[in-house]
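# Structural characterization, general
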Amino acid sequence: MKLINGILLLVLLAVARPGMTALTIEITKGMEGAIPIAVVPFGWSGKGAAAPENIAAIISSDLSRSGRFETLPDRDLVSHPTDASQVQYHNWRMLNVDNLVIGQIRETGPQQYSVEFQLFDVFRTKRLIGYSFPARQSELRRVAHHISDLIYEQLTGEKGAFNTQIAYITTTGNGTKKTYTLLVADSDGFNPQTILTSSQPLMSPAWSSDGNEVAYVTFEQKTAEIYIQHVATGSRRKVASFPGINGAPAWSPDGTRIALTLSRDGNPEIYLMTLANKSLKRLTNSPAIDTEPVWTPDGRSLVFTSDRGGSPQLYEVSAGGGQAKRLTFDGSYNAGADISPDGRKIAMVHGEKGAYRIAVHDRETGLLRVLTDGKLDESPSFSPNGSMIIYATDAGNRGVLAAVSVDGRFRQRLSLQAGNVREPVWSPFGRQ
Amino acid sequence: MWKIIRENPRAVLYAVLMHLVLLVLLVFSLDWTPKISRPAGVKVPIEAKLIDQRQLESVEEKKKEEQRKREAERKAVEEKKKAEAERKRKAEAEAKRKAEAEAKRKAEAEAKRKAEVKRKTEAEAKRKAEAEAAQRREAELALQQQLAAEQAERDQGVVAEYTAYIQDKIQQNWLKPAGSPEGLSCTVQVSLIPGGDVARVQIVRSSGDPLFDRSVETAVHKASPMPLPKDAAMFKYFRELRLIFKPR
Amino acid sequence: MKYQLNRLFALALAALLAGCSTTGDTPTGEEAAVEDRGSGAEGVAASGAAGAGAFAGAALDDPNSPLARRVIYFEYDSSEIMAEDQDMVAAHAAYLASNPNQTITLEGHGDERGSREYNIGLGDRRAQSVRRVFELQGVSPQQINIVSYGEEKPAAEGHSEAAWRLNRRVEIVYAGY
């Protein structure tokens, strides 16, 4: 501190000379936090009292769920501009919001709408972007998510992942009368669509890299089998039905292979299956449980769970085979990995002192950071832009989905229909 | 000493004799310089040759001659007196002229000397005054410098204090973009108006990352008004700020 | 140490069971084609039941028989059969050994904690543990089918040790019963 004062004084002395009039100040620290933004309810011109969807509320929810934005509550809005000419920057400056989103929805025909929005930089008094989209009523939520993506990208420099989907499993009913359902919904949990229902367990959904198909494990034949189903058409094909375990399918980045767990040789091992000819290649060989493979984004290696060291930990093995290398050393339970799209982070279920939480392992530093505080959190899945992780958590008597920003700063439960919800997996960008 | 005397009796004798000689010389020859006396009143001798030759002629003649002689003598005396007087007058005149000339010369010299003295005195005084003035000026300057230094020191204390406030306020308002690469730095020139409001923000050195630059600009605007000292005289230090945003 | 013991145990078992193939009959090796069992998978368990059912009916239906107990419970993160269950397991083994046409499915389960696919592995390990005991006691590998449900089919709901204890189990499911 003293040294810094000294340096500061030197700087002052240097600038106090006439001719050099500017006082130089170094700003070395900043705040880490969400960007304050106001999303004003969109104007509506059409039949009825209000637009069929509250676009501003969807955008607001998207942005705040990302953890990167702090949205101004509606009650704090000082005015409700719907047009650029109505924007009074100083009003918004007073509220300390950096950015302002306004827009309007117009009914252009039966079930036909036009959604227009504009994003302003309050302190630099500039309009940053503005677009208009035609949409049918069923597309309004998607348009709202798309607007969220544009705002997110403009203000964070990263691609938004709101206009994507998640797949997940729910169970309803009790005891022997359980129904297992595989669903696909928007990234905010709205608009759920059932793609498979079974009286026997369904588990481990996995998106294909193009987002058109989902692989999953089904016990509908009272034995584990892996199917691949086309999401849009519902057509499906069986790809693995070996004795014992057929589990944990994971698509290779190029979409030509799946990694999976089979116990056909007596013990759970990781295999690679080339989808074109269903040929198998065994990747691991240990008397322990080897399972839950995930591909690195470059497709060169896989990370998987193994308890070969006595407790479940994450290991990495080349897609070409060979010796596996242990990755995690913190705690006695690290399993169920997912790798961030940039390959730098590995999310996992981290068990410590009886609690199972979502943690992220930084591949560069080797450090592990626990992001959640539940007792039974599981199934972490990165958003395709890598900024968030969706996971399942326990809400008293049922499982619900939650999202956490990768820095752990922001967590939010997703509103979903009733039922016990688990195993969320975030679609790639292609899936809309 | 005694030993030396005993061993050299002749030398002692010579020495004593020498001393005696010197003593005698000292007593009888106090004044060795020669005395030259000057006879008082030297007169020019009169010619006596003629008297002896004229005794053979008449006594008349002799008387007349004597008369003429006396007359001539009287005339000669008179003329001599006259010449003497003239000579004396002339000498006097000459003396007077000389005296006057001398007086004049002396007066002139005196005047000249006095002028010189005056000039010198004045120059000295002037030099002294100038030196004193210079000294005063130097002292004044030194005092001013000291006061200025003291003021600058006080100002610097205040500037340092408010620099810290400004730094703090900006840091509180700076939302560093999450996930921006490390090592980014952006420099902005900020103009304030009295009261601390930000009048202008100009990026003078971009970080190369538009989001980072934008966050910097926003931070400066959000920190407006900047905290400034109450003393309006201090504003000069804060009119222009150069802010270097460089997260560590 | 634990790992080494596990490994030794596994190796010893592997040696013991060298002659026995695993439940399936697919070829082993680096590359193998997928055996598509199709919808007949359920039928495998059903077909063995027809002949065996009548023969052993009395013993299997007797609520006082040790065979009436068909659930084996396990400690947390363990696949070891506990002492109190060993007689019951032996009774099932003896029954199956003397009824070679009777097939069973060993359903492995775990509690809800942790990762789901890893729990499938744990359920499988428990079922394999029971299978090994059965096979050591004369049950033919052909009689045994294994499926692990992991935490997908809990016997008891709830997030307490009381529920978890009931869920860490292997269920012996007799075909036809």
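For the structure given in this document, a descriptive report is provided here. Source: prediction; values computed, not measured.

## Concerning the overall build of chain B
Helix and strand content of chain B: 6 helices and 3 strands. Relative to its 248 residues, chain B shows a buried fraction of 22%. Taking all contacts inside chain B whose residues are at least 6 apart in sequence as the whole, residues at least 24 apart take part in 68%. About 19,700 Å² of surface is accessible on chain B, with carbon and sulfur atoms providing 58% of the total.

## As for the side chain of D213 of chain B
Relative to the elements of secondary structure, D213 of chain B occurs in helix α5 (residues 210-222). Among buried Asp, Glu, Lys and Arg side chains, D213 of chain B stands out as unpaired, with R124 of chain A the closest opposite charge at 8.1 Å. Separated by 2.7 Å, the side chains of D213 of chain B and S207 of chain B make a polar contact. For D213 of chain B, the residues in contact, after removing those within four places along its chain, are C186, I203, S206, S207 and G208 of chain B.

## Some words on the pairing of strand β11 (residues 202-207) of chain A
Residue and element names in this part refer to chain A. By the criterion of burial, β11 is predominantly enclosed, with 6 of the 6 residues buried. Across 4 bridges, the pairing between β11 and strand β12 (residues 213-218) is antiparallel. The partner of W207 across the bridge, within β12, is V214. Taking the residues between adjacent antiparallel strands as the criterion, β11 and β12 are bridged by 5 residues, where G211 takes a positive phi near 75 degrees.

## A few points about the nonpolar core
Within the largest apolar cluster, 30 residues are counted, with the highest numbers of intra-cluster contacts made by F42, I55, I59, F117, L119, I147 and I151 of chain A. Counting residues per element, the ones that place at least two in this core are β2 (35-39), α2 (55-65), β5 (99-109), β6 (112-121), β7 (126-136) and α4 (140-156) of chain A. Here this core takes 7 residues from α4 of chain A, the largest share from any one element. Judged by nonpolar contacts, the second largest core, of 29 residues, contains V159, C186, M234 and L241 of chain B.

## Re the sheet that holds strand β24 (residues 345-352) of chain A
Residue and element names in this part refer to chain A. If you trace the 4 strands from one edge of the open sheet to the other, you get β23-β24-β25-β26, paired in antiparallel fashion. Only two strands of the sheet have a single neighbouring strand rather than two, namely β23 (333-339) and β26 (368-370). Averaged over all neighbouring strand pairs, the angle between strand axes comes to 30 degrees, with direction disregarded. The sheet contact formed by β24 and strand β25 (residues 355-362) spans 8 bridges and is antiparallel. Across the sheet, residue E352 finds its bridge partner in β25, namely A355.

## Thoughts on the interface of chain B and chain A
Taken together, the contact pairs 32 residues of chain B with 32 residues of chain A. Summing both partners gives a buried area of about 3,100 Å² for chain B against chain A, and 58% of it is carried by carbon and sulfur. The largest per-residue losses of area from chain B upon contact with chain A belong to Q171, L175 and R214 of chain B, which jointly make up 20% of the total buried on that side. Put simply, chain B and chain A have 3 salt bridges between them. Mapped onto the side of chain B that touches chain A, the elements with two or more residues apiece are α4 (59-173), α5, α6 (235-238) and β3 (240-245) of chain B. Classifying every residue of the side of chain B that touches chain A gives 15 nonpolar, 9 polar and 8 charged. Pairing of strand β1 (residues 23-27) of chain A with β3 of chain B involves 5 bridges; the strand directions are parallel. Opposite E26 of chain A, over in β3 of chain B, you have I244 of chain B as the bridge partner.

## Digging into unusual backbone geometry
The step from S224 of chain B to P225 of chain B runs through a cis peptide bond, and the omega angle for that step is -5 degrees. Of note in this structure, N96 of chain A is not a glycine but carries a positive phi near 65 degrees. Within the secondary structure, N96 of chain A is located in the loop between α3 (89-94) and β5. Despite not being glycine, K353 of chain A has its phi angle at roughly 50 degrees, a positive value.

## Things to note about the pattern of salt bridges
Going through the model one piece at a time under the given rule, you end up with 42 salt bridges over all chains. R124 of chain A is the partner of D121 of chain A in a salt bridge, and the nearest nitrogen-oxygen pair spans 2.9 Å. Note on accessibility: D121 of chain A and R124 of chain A belong to one class, buried. Between R422 of chain A and E152 of chain C there is a salt bridge; the shortest N-O distance is 3.3 Å. Of this pair, R422 of chain A sits in strand β31 (residues 420-426) while E152 of chain C sits in the loop between β3 (144-150) and α5 (161-167), which puts the two residues in different chains. Residue R422 of chain A shares its accessibility class with E152 of chain C, and that shared class is buried. Salt bridges here are not isolated pairs; linked through shared partners, they connect E378 and R422 of chain A together with R116, E151 and E152 of chain C.

About the cut-offs
- Residues numbered from 1 in each chain as written.
- Chains lettered and ligands numbered in written order.
- Predicted model: local features only at pLDDT ≥ 70, side-chain atom pairs only at ≥ 80, totals over all residues.
- Heavy atoms only, no water.
- Helix = DSSP H or I, 4+ residues; strand = E, 2+ residues; numbered from the N terminus.
- Buried < 20%, exposed > 50% of the residue type's maximum accessible area, 1.4 Å probe, protein only.
- Contact = heavy atoms within 4.5 Å.
- Areas by Shrake-Rupley, 256 points an atom, 1.4 Å probe, with all protein chains shown as cover.
- Lys, Arg positive; Asp, Glu negative; His and termini not counted.
- Salt bridge = Lys/Arg side-chain N within 4 Å of Asp/Glu carboxyl O.
- Polar contact = N/O pair within 3.5 Å; in protein donor to acceptor, adjacent residues only side chain to side chain.
- Pairing = 2+ DSSP bridges.
- Core = buried A, V, L, I, M, F, W, Y, C linked by side-chain atoms within 4.5 Å.
- Axes fitted to C-alpha atoms, helices over the stretch in contact; angles between N-to-C directions.
- Buried area = accessible area lost by both parts, 1.4 Å probe.
- Nonpolar A, V, L, I, M, F, W, Y, C, P; charged D, E, K, R; others polar.

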